Each structure stands twice: as C-alpha cells, then as structure tokens.
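Structure at a glance
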Amino acid sequence: MNKTYYVCKYTPIELLQAFGGECEIFNHMPEGFDLADQVAHPNICGFGKALLEEVLSSEIRELVLVNCCDTIRSVYDILLDSGKLDFLYLLDLLHCDSACSQERMALQLKNLAKAYGAYKGTEFDEQVFRASFQEKEKVLTPHIGVFGARMGAELFEMTQSAMPLPVENETCVHNRSVGYARLPEDGDFDALMSWYAKELMGQMPCMRMNDPTGRKKLYQDPSLKGIIYHTVKFCDFYSFEYADIKNHTDVPILKIESDYTIQSSGQLLTRLEAFAESLDTGSLTEKEDRKEEHRMGKGYFAGIDSGSTSTDVVILNKEKQIVADIILRPGQAQHRG
Ligand code: SF4
Ligand code: SF4
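What you are looking at is a predicted structure, and each value in this text was computed from that prediction instead of being measured.

**Quick notes on the overall build of the chain**
Along its length, the chain carries 12 helices and 12 strands. Buried positions account for 47% of the 337 residues belonging to the chain. Restricting the contact set of the chain to residue pairs at least 6 apart, pairs at least 24 apart contribute 63%. Here the chain has roughly 17,300 Å² of accessible surface; of this, 50% comes from carbon and sulfur atoms.

What follows is the structure in structure tokens.
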C-alpha cells in the first residue's frame, strides 16, 4: 500500500488513518538538489528543495501539504504541474487560533475527507479515528531541545549521537500535540470535525502562526539543559525567535543553519561536539556513562573468543548484562542463558 506523506503538524493524520491511510512524516535530507534546481527558484528554502528532490526521484505517490509559506505553495504548484503524484492536497488554513480559523479548518477537514475517501475508495471509520490519537510523553529528565525550523532526520540523528543528554526534537512537525482534550463521546461526523479542528489549531503555535507567544513554554522547561537552535537556509521566520530566546533564558544555546543536504550536516558536527563539551551536565563519570549509553543505544553486543578447541560467544544488553551465551565445539553446540 502507498504511504501518505506529510510535513506539517497541522496535518489531520488521524482523519487520513480513519480512511485507511498509512501516514509517514517526510523529513529526509538528500545529497544535493540536482532535480529541484531544475524546476524551482533558487531562493526557495532548503526544505522545499529537499521535498521536491525526493518526490521527483522516489516512489512517493501521496502527499498532503499545508499552506505554511511561499516555499510550500511553490512546491505544491510544481508538483501539481509535474503530475507525479496520485494524491496531492494542500490544506488552506488561517494562521491563527480564532473561532473563525477553527470553523474554516473544520470545513477544510470535511473537504479533505471527501477527496481522500474518493481517492482511497474507503469510508470514514470512526473507531479507527478515535483510536488513532497518541499522547506524546513529556520529558521530565534533563535533556537538550532542538528548536527553530524543522531539522532533517539525518542531522537530528547526528545531533543525538553528539550530545551528552537525550535530545528532544521540538521543531515543526515533531512538536505535534493533538487529541489531548476529551473526544466527544457521541455526535455526528460534523461534530467530530469541529472538535478536531479546535485540537489541531490549538496546538503550541509554530512560528508561521500570527501569535507565536505560546512558544515561550518550550524554553521555560526546568529540565531543559541546552538549546540547539536550527534554521534553514532562506527561511526567515525563525531568526526572530532566536533573538527572543537569547534574551529570555540562561540555558546555553547553539545556533546552526543547514541547507537541508547531508553535506551541510556533516559540516556542523564539529560545532555540535564543541557545544556538547561546553555543557554542564553532571560529573565526568555521569557524562561518560551517558555517552556510553548513547553509543550502545538499544542494541545488543556480542563478544566472540575463538580458541583451538571451542568458540565462545556472549551477548550483552546495553546494561552490560549477559542475555545469552553459547560454546561451539567442532560438531557440537551448547547453549546457556
Ligand atoms: S512551520 Fe508551522 S505551518 Fe509550516 S510546516 Fe511547520 S508546523 Fe506546519
Ligand atoms: S523552513 Fe521556513 S521557508 Fe522552509 S518550509 Fe519551513 S517555514 Fe517555509
């Protein structure tokens, strides 16, 4: 089955799932913009180019966009013109959380439901819709936050491995918080969409919203020990916020910019590592332990000792506990643990 890709936290993914859609965030950084540069203006932001590059060169067939900015509108026009996608939709929302914008969003949701249901050949499944909401767990332990404009998956992974504390991605689509209010127990489709529109528009605003003051919560969290502020080349919106954060928090901040290519991320590694070293995140031993935990991740590790009479293999988990071992002799195997 084709996946439906999306790029914005205001995308109604629970609605798409209720019509049988399988939704996935698009956040990939390509090697370069060979295809995008042929079809788009050079001044659209790196993310817009990354999106064009990937859609034009991959098997992506379904994409739902939101009228975020001129870049996204241009990307929509170019992709529509290319005829590459089977399903391409642009949600046209107002950039504020007023009663009027909620009403408009509810209408947009109903139009999208009609178009997506017709495309998939499916009906709205209320049970699936109700079960699709997932509350994001709030991190209460010391952590580093990535703020600003969206950060590509590859750069985020690199950031995680460079930092001495867990890293939370608070950018754009990753900072989604929909479905925290109680769903109406009964009511028709229209009533559900009104509730849903309110939830979508009531999220912590991104910088594209007219009133982004609610974003202060992001950097007033006492467990926040460092901020990596990311901007994307040719995106201006987030530069204003950087100045405001600098004036309102004592948390150490590193500002970085990427053009959304893998190459630009590689160049940022040295700065990320220097920032990680400068953070006061506990004793040297604690830092080393955390680094070790990052290094080991969730995986398992094998130790192999191959001698003349047997080969001994031990599997350890990340807590360094033996989870299995085996001794192999020529023609014989013995398993312990
Ligand atoms: S900046 Fe805001 S409107 Fe634009 S894609 Fe991100 S969350 Fe959506
Ligand atoms: S990074 Fe900036 S310009 Fe690019 S899509 Fe996001 S908000 Fe628009």
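**Quick look at the layout of surface pockets**
Here the largest pocket defines a volume of roughly 800 Å³. Taken together, 33 residues make up the lining of the largest pocket; nearest its centre are Asn-175, Ser-177, Tyr-180, Met-204 and Lys-217. Elements represented by at least two residues in the lining of the largest pocket include exactly strand 5 (143-148), helix 8 (189-201) and helix 9 (216-219). Sorting elements by how many residues they give to the lining of the largest pocket places helix 8 first, with 3 residues. Of the residues that constitute the lining of the largest pocket, the class distribution is 11 nonpolar, 9 polar and 13 charged.

**Some points on the site of ligand 1**
If you check the shell around ligand 1, you find Val-7, Cys-8, Lys-9, Tyr-10, Cys-68, Arg-150, Cys-172, Cys-206, Arg-208 and Tyr-238 and nothing else. The residue makeup of the shell around ligand 1, split by class, is 7 nonpolar, no polar and 3 charged.

**Observations regarding unusual backbone geometry**
Within the chain, Cys-172 stands out as a residue other than glycine whose phi angle is a positive 45 degrees. By the secondary structure assignment, Cys-172 is in the loop between strand 6 (167-169) and helix 8. For Cys-172, a relative accessible area of 17% gives the class buried. A positive phi angle is found at Phe-234, which is not glycine, with a value near 75 degrees.

**Thoughts on the sheet that holds strand 8 (residues 253-258)**
Reading across the sheet, the 4 strands line up as 6-5-7-8 and stay open at both edges, with parallel pairing between neighbours. Each edge of the open sheet is held by one strand with a lone partner, namely strand 6 and strand 8. If you compare each strand with its neighbour and ignore which way they point, the axes differ by 25 degrees on average. Sheet analysis places strand 5 next to strand 7 (residues 224-232), joined by 6 bridges and oriented parallel. Note on strand 7: the bridge partner recorded for Ile-144 is Gly-226. The sheet contacts of helix 7 (residues 153-162) involve strand 5, strand 6, strand 7 and strand 8, and relative to strand 6 the element is tilted by about 160 degrees.

**Regarding helix 8**
Between its terminal C-alpha atoms helix 8 stretches 18 Å, which fits the 18 Å expected from 13 residues at 1.5 Å a residue. Taken residue by residue, helix 8 has Leu-192, Met-193, Trp-195, Tyr-196, Ala-197, Glu-199, Leu-200 and Met-201 as its buried positions. In this structure, the buried side of helix 8 is in contact with helix 1 (13-18), helix 5 (99-120) and helix 6 (126-131).

**Topic: the packing of aromatic side chains**
One pass over the structure, following the stated rule, counts 15 aromatic pairs. Pairing Phe-26 with Phe-47 gives two aromatic rings, centres 6.1 Å apart and planes at 50 degrees, and the pair type is tilted. Here the residue Phe-26 occupies a position in the loop between strand 2 (23-25) and helix 2 (36-39), and Phe-47 occupies one in helix 3 (residues 46-57), the gap between them amounting to 21 residues. The residues Phe-26 and Phe-47 share a single accessibility class, namely buried. Against the face of Tyr-242 rests Lys-255, its NZ or CZ located 4.8 Å from the ring centre.

**Topic: the confidence of the model for the chain**
In the predicted model, the chain carries a mean pLDDT of 88, and the fraction of residues at 70 or more is 89%. Segment residues 333-337: pLDDT under 50, and 14 contacts once partners within four positions in sequence are set aside and those in other chains are kept.

**Brief notes about the environment of Leu-269**
Turning to its location among the elements, Leu-269 is positioned in helix 11 (residues 262-278). Classification of Leu-269 as partly exposed rests on a relative accessible area of 29%. C-alpha of Leu-269 to C-alpha of Met-158: the two residues are 111 residues apart in sequence and 7.4 Å apart in space. Each residue touching Leu-269, except ones within four places of it in the same chain, is listed here: Met-158 and Ala-162.

**Some words on the pairing of strand 7**
A large share of strand 7 lies buried, amounting to 8 of its 9 residues. Bridge count between strand 7 and strand 8: 6 bridges; the pairing is parallel. When the sheet's bridge partners are listed, Tyr-229 is paired in strand 8 with Lys-255. Running through helix 10 (residues 237-248), the crossover from strand 7 to the neighbouring parallel element strand 8 is right-handed.

Basis of the calculations
- Residues numbered from 1 in each chain as written.
- Chains lettered and ligands numbered in written order.
- Predicted model: local features only at pLDDT ≥ 70, side-chain atom pairs only at ≥ 80, totals over all residues.
- Heavy atoms only, no water.
- Helix = DSSP H or I, 4+ residues; strand = E, 2+ residues; numbered from the N terminus.
- Buried < 20%, exposed > 50% of the residue type's maximum accessible area, 1.4 Å probe, protein only.
- Contact = heavy atoms within 4.5 Å.
- Areas by Shrake-Rupley, 256 points an atom, 1.4 Å probe, with all protein chains shown as cover.
- 1 Å grid on protein atoms, 1.4 Å probe; cavity = no way out; pocket = protein on both sides within 12 Å on 5 of 7 lines; lining within 4 Å.
- Points joined across faces, edges and corners; volume = space filled by probe spheres on them.
- Nonpolar A, V, L, I, M, F, W, Y, C, P; charged D, E, K, R; others polar.
- Near = heavy atom within 4 Å.
- Pairing = 2+ DSSP bridges.
- Axes fitted to C-alpha atoms, helices over the stretch in contact; angles between N-to-C directions.
- Expected span 1.5 Å × (residues − 1).
- Phe/Tyr/Trp six-rings, centres within 6.5 Å; stacked < 30°, edge-to-face > 60°.
- Lys NZ or Arg CZ within 6 Å of the ring centre and 35° of its normal.
- pLDDT = per-residue confidence, 0-100.
- Right-handed = clockwise from strand over helix to strand, strands pointing away.

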